[in-house]
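Below are the chains, spelled out letter by letter.
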Amino acid sequence: MADILIIDGDKEFSRDLGKRLDSHGLPAACCDSLPRAMGLLHTGDFKVVLLGDDLNDGDSLDYLSTIREIPSFPEVIVISRSRDPDMAEKAIRNGAWNYMTKPPNMPRLMVLLKRVVDYQEERTAGGIRCSLRRSGIIGNSRPLQACLDTLAQAAGSEANVLIHGETGTGKELFARAIHKNSARCHGNFVVVDCAALPDTLAENILFGHERGAYTSADAPSVGLVKQADKGTLFLDEVGELPVSMQKVFLRVLEGRNFRPVGGTKEMRSDFRLLAATNRNLKAMVESGEYRRDLYYRLRGIYMRLPALRIITEDINEMTCKFIQRYSKRLNMASKGFSPDFLDALMNYDWPGNIRELQHTIEQALSRAGKEAILYPRHLPRAIRAHIVRRDLEKGVTDASSHKRTIAPENFPTLKGFRQQKIEELEDRYLRDLIEATDGKIKQACRVSGLSRARFYALLKRYGITRK
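Attention here is on the structure that accompanies the text.

## Description of the pairing of strand S5 (residues 98-101)
Line of reasoning, step 1. Relative to S5, strand S4 (residues 75-80) runs parallel, the two sharing four bridges. Bridged to Ser 80 within S5 is Thr 101.
Line of reasoning, step 2. Between the parallel elements S4 and S5, the chain passes through helix H4 (residues 85-93) in a crossover that is right-handed.

Printed below as a string of structure tokens:
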């Protein structure tokens, strides 16, 4: 069975690339249609997809995220004739492993393929999805699965971890899951709320103090850093760490040594560091608000948690779990919910993310009382009002846009419209043809079927100059 699937509308290119890969011991299957390719991917076990262009089914990049969600989770390397930086960026943002231009550099492609295959085998051997204890993390969307992969990677190492995400996305939940899946799971998980650290007491809270360090210090105290010895220290909202403490804490991270307030000897704490923030630390570094050396010390493994509006496909499962949880807490029978109740949840933006959804479900259950089914009227008025307003605004926008589109004065004649589209297509075709053939006239005429005279005439008509 082939591990590689080549998807490209240019059959000659696909056959040639397939032969070259086969000569390197990497058999590949070829397909020139995206719908047929999706069928092959669902029935096969491909590790890599080489996604080309020249397809009649539309923009191949629009299918990229869909391909990445195939159960075998193939990695995608885009091979395109376009050198447009925007297209390359779009490919990477949509989940591509890498982006190459035609004709591909074979040594580089072989290196990329080896890395992908090694990564796939390592991930399979690690049993990431089977053995991971989620610790309350709900959902199976692709962005969330990517975070779980990073979580598993972090749990298997001792590197510092920086978790970034909006308020309410579950940063502490992920931090606890890293701790529970790590070798330090039997140690303490100690939380430091950096936003609540007063400048005058920060060192005392973190490092503790010796007896007699100040007037009321009748006995020594153990700080949070020492409490995390053999366990995990979690710095919540690390972006709020006072400037005066950033330098002090950097020294602690470098050697895991600290001195209690009033102490004369240094102490050691063997802790694993996890940190979380909803702020853009990189921008804070550039503006001078945050120490650059501390930022890079914190960012060993980076995890970006998705906002709830990005993973709306997980709302159904979350809603079911939260109804069960809060029904039990409120000592009531578990309730069902109507389709329009779920629609309302799916159509809300959730600025407070998962935490806001939890509170909303709890409020809805309280309002419903003894009723067995949850309906939109059980939701908070502010949420219902927001949804109605947005729907109406969207309806007005769509209606006005439709009205402008169907206005008679905006319609060209059929002949004029046809001519305009033909000219646009010819212009695009010629420019792509010039790029594909490197401006070689003989090859361009052979590929296009145009005579040399006709080809020159079209270049002149559309103002195209060959390089």
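Having seen it, we continue.
## Concerning helix H11 (residues 243-255)
Line of reasoning, step 1. Regarding H11, the residues found buried are Met 245, Gln 246, Phe 249, Leu 250, Val 252 and Leu 253. On an axial view of H11, the arc spanned by its buried residues comes to 165°, and they lie on one face. Of the exposed residues in H11, those oriented more than 90 degrees away from the buried face are Lys 247 and Glu 254.
Line of reasoning, step 2. Looking one or two places after H11, you find Arg 256, whose phi comes out positive at around 60°.

## Looking at the sheet that holds strand S7 (residues 189-193)
Line of reasoning, step 1. A sheet is described by the order of its strands in space; here five strands give the open sequence S7-S10-S13-S6-S14, paired in parallel fashion. The sheet terminates laterally at S7 and strand S14 (301-304), the two strands that pair on one side only. For this sheet, the mean angle separating the axes of adjacent strands, direction not counted, is 20°.
Line of reasoning, step 2. Strand direction decides the pairing type here: strand S10 (residues 232-236) and strand S13 (residues 272-277), joined by four bridges, are parallel.

## Some remarks on the environment of His 209
Line of reasoning, step 1. Here His 209 is to be found in strand S8 (residues 208-209).
Line of reasoning, step 2. Relative accessible area serves as the criterion here: at 9%, His 209 is assigned to the buried category.
Line of reasoning, step 3. The spatial distance from the C-alpha of His 209 to the C-alpha of Gly 223 is 7.5 Å, given a sequence separation of 14 residues.

## Some thoughts on unusual backbone geometry
Line of reasoning, step 1. A cis amide bond links Lys 102 with the next residue in sequence, Pro 103, at an omega value of -15°.
Line of reasoning, step 2. Mapped onto the elements of the fold, Pro 103 is located in the loop between S5 and helix H5 (106-126).
Line of reasoning, step 3. Located in the positive-phi region is Glu 237, a residue other than glycine, with phi close to 50°.
Line of reasoning, step 4. Here Glu 237 is to be found in the loop between S10 and H11.
Line of reasoning, step 5. Among the residues examined, Glu 237 registers a relative accessible area of 16% and is labelled buried.
Line of reasoning, step 6. Phi is positive for Asn 331, which is not a glycine, with a value near 55°.
Line of reasoning, step 7. Note on placement: Asn 331 falls in the loop between helix H14 (315-329) and strand S15 (336-337).

Rules behind the numbers
- Residues numbered from 1 in each chain as written.
- Predicted model: local features only at pLDDT ≥ 70, side-chain atom pairs only at ≥ 80, totals over all residues.
- Heavy atoms only, no water.
- Pairing = 2+ DSSP bridges.
- Helix = DSSP H or I, 4+ residues; strand = E, 2+ residues; numbered from the N terminus.
- Right-handed = clockwise from strand over helix to strand, strands pointing away.
- Buried < 20%, exposed > 50% of the residue type's maximum accessible area, 1.4 Å probe, protein only.
- Arc of directions from axis to C-beta.
- Axes fitted to C-alpha atoms, helices over the stretch in contact; angles between N-to-C directions.

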